[in-house]
Amino acid sequence: MDNLQVCILYQRTGRFIMADIVSREQRSKNMSAIRSKDTKPEIYIRHLLFSHGYRYRKNCSSITGCPDIYLAKYKTAIFINGCFWHRHTNCKFAYTPKSRIEFWNKKFNSNISRDLVVHHQLFDENIKCLVIWECCVKIMKKDTLYEENILTAIEKFLRSSDMYMELPEKSD
């Protein structure tokens, strides 16, 4: 965008736009590197479950919502959600970018809506749903006691009749 276009845009909108510090090609490359499968938090949770004797299917497309981990023995779908993309409430990683706010709000709202639909469909199919947030995994990597507590909570959930749980649990 040249200076003339910026001046015209400023006259029309009354505000300057902030230029991206990287080229469009570089931004595209950066965004395409964000994975949807086999993320580090997923791999960490899978390794933890496997090392404790749990066997699972990963990214099982035959289950509604294609969960990151599916424990057939327990009829449990596990989703490892990124706090940013899935809008973890009151989490510092769930910030909203300052530019293109309408775009981001629309994107986030569609993600939240899709998550709710998937959770309801799993409930209707009598499949338990466990959501583990990215921030929880980050703490688990640093704190072995916290990791043990989360693993205990997962095991308790698998044995319970509860149909839904989020980790970390929401504090009321």
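Report on the accompanying structure. Keep in mind it's a predicted model, so treat the numbers as computed, not measured.

Attention now goes to the overall build of the protein chain. Each helix and strand in the protein chain was counted, giving seven helices and five strands. Starting at the N terminus and ending at the C terminus, the protein chain contains elements arranged as α-α-α-β-β-β-α-α-β-α-α-β. Across the 172 residues in the protein chain, those meeting the buried criterion constitute 34%. A separation of at least 24 residues holds for 55% of the contacts in the protein chain among residues at least 6 apart in sequence. With the model as given, the accessible surface of the protein chain reaches about 12,000 Å², and the carbon-plus-sulfur share is 54%.

Before going further, it helps to spend a moment on unusual backbone geometry. Here the bond from Leu167 into Pro168 is cis, since omega is 0°, no more than 30 degrees from zero. At Asn59, a position not held by glycine, the phi torsion is positive, near 45°. Within the chain, Lys75 stands out as a residue other than glycine whose phi angle is a positive 45°. Tracing the backbone through its elements, the reader meets Lys75 in the loop between strand E2 (69-71) and strand E3 (76-81).

Quick look at the pairing of strand E4 (residues 128-133) now. On a regular strand, one side chain projects to one face of the sheet and the next to the other, so that they alternate. Counting buried residues along E4, six of its six residues qualify, which places the element largely inside the surrounding structure. The alternating pattern of E4 places Lys128, Leu130 and Ile132 and Cys129, Val131 and Trp133 on opposite faces, both of which are buried. Pairing analysis gives six bridges linking E3 to E4, with the strands arranged parallel. Among the inter-strand pairings, Ile78 is bridged to a residue of E4, identified as Leu130. Taken together, the four bridges between E4 and strand E5 (residues 164-167) define a ladder with parallel strand orientation. From the neighbouring strand, Ile132 faces E5, where its bridge partner is Leu167.

With that settled, consider the pattern of salt bridges. A pair can form between side chains of opposite charge whenever their charged atoms are brought close. Considering all chains together, one arrives at four salt bridges under this definition. For the salt bridge of Asp38 with Lys58, the shortest nitrogen-to-oxygen distance reads 3.4 Å. Of this pair, Asp38 sits in the loop between helix H2 (24-32) and helix H3 (40-51) while Lys58 sits in strand E1 (residues 57-58), and the two are 20 residues apart along the sequence. Here Lys58 falls in the partly exposed class, since its relative accessible area comes to 42%.

A word on the sheet that holds E1. Overall, mixed pairing links the five strands, which are arranged E1-E2-E3-E4-E5 in an open sheet. The open sheet has two edge strands with one neighbour each: E1 and E5. Each of E3, E4 and E5 touches helix H6 (residues 134-142); the most contacted strand, E4, lies at about 65° to it.

So, about the nonpolar core. Formed by 22 residues in total, the largest nonpolar core has its most connected members in Ile45, Leu49, Ile78, Leu130, Ile132, Ile154 and Leu167. Among the secondary structure elements, those contributing two or more residues to this core are H3, E2, E3, E4, H6, helix H7 (144-159) and E5. It is H7 that provides the largest number of residues to this core, a total of six residues. Here Ile132 is in contact with Ile45, Ile78, Phe79, Ile80, Asn81, Val137, Ile154 and Leu167, once residues within four sequence places are set aside. Core analysis: the next-biggest nonpolar cluster, separate from the first, contains 15 residues, Cys60, Val118, Leu122 and Trp133 among them.

Taken as a whole and judged by the stated rule, the model has eight aromatic pairs. Seen from their ring centres, Phe84 and Trp85 are 4.9 Å apart, and the 85° between their planes marks the pair as edge-to-face. A connected cluster of aromatic rings, assembled from ring pairs, spans Phe84, Trp85, Tyr95, Phe103, Trp104 and Phe108. Looking at Arg87, its charged tip hangs above the ring of Phe108, at a distance of 3.8 Å from the centre. In this structure, Arg100 is placed above the aromatic ring of Phe103, and the distance from its NZ or CZ to the ring centre is 4.2 Å.

Thresholds, definitions, all that
Residues numbered from 1 in each chain as written. Predicted model: local features only at pLDDT ≥ 70, side-chain atom pairs only at ≥ 80, totals over all residues. Heavy atoms only, no water. Helix = DSSP H or I, 4+ residues; strand = E, 2+ residues; numbered from the N terminus. Buried < 20%, exposed > 50% of the residue type's maximum accessible area, 1.4 Å probe, protein only. Contact = heavy atoms within 4.5 Å. Areas by Shrake-Rupley, 256 points an atom, 1.4 Å probe, with all protein chains shown as cover. Pairing = 2+ DSSP bridges. Salt bridge = Lys/Arg side-chain N within 4 Å of Asp/Glu carboxyl O. Axes fitted to C-alpha atoms, helices over the stretch in contact; angles between N-to-C directions. Core = buried A, V, L, I, M, F, W, Y, C linked by side-chain atoms within 4.5 Å. Phe/Tyr/Trp six-rings, centres within 6.5 Å; stacked < 30°, edge-to-face > 60°. Lys NZ or Arg CZ within 6 Å of the ring centre and 35° of its normal.

None of this, on its own, says anything about what the molecule does.
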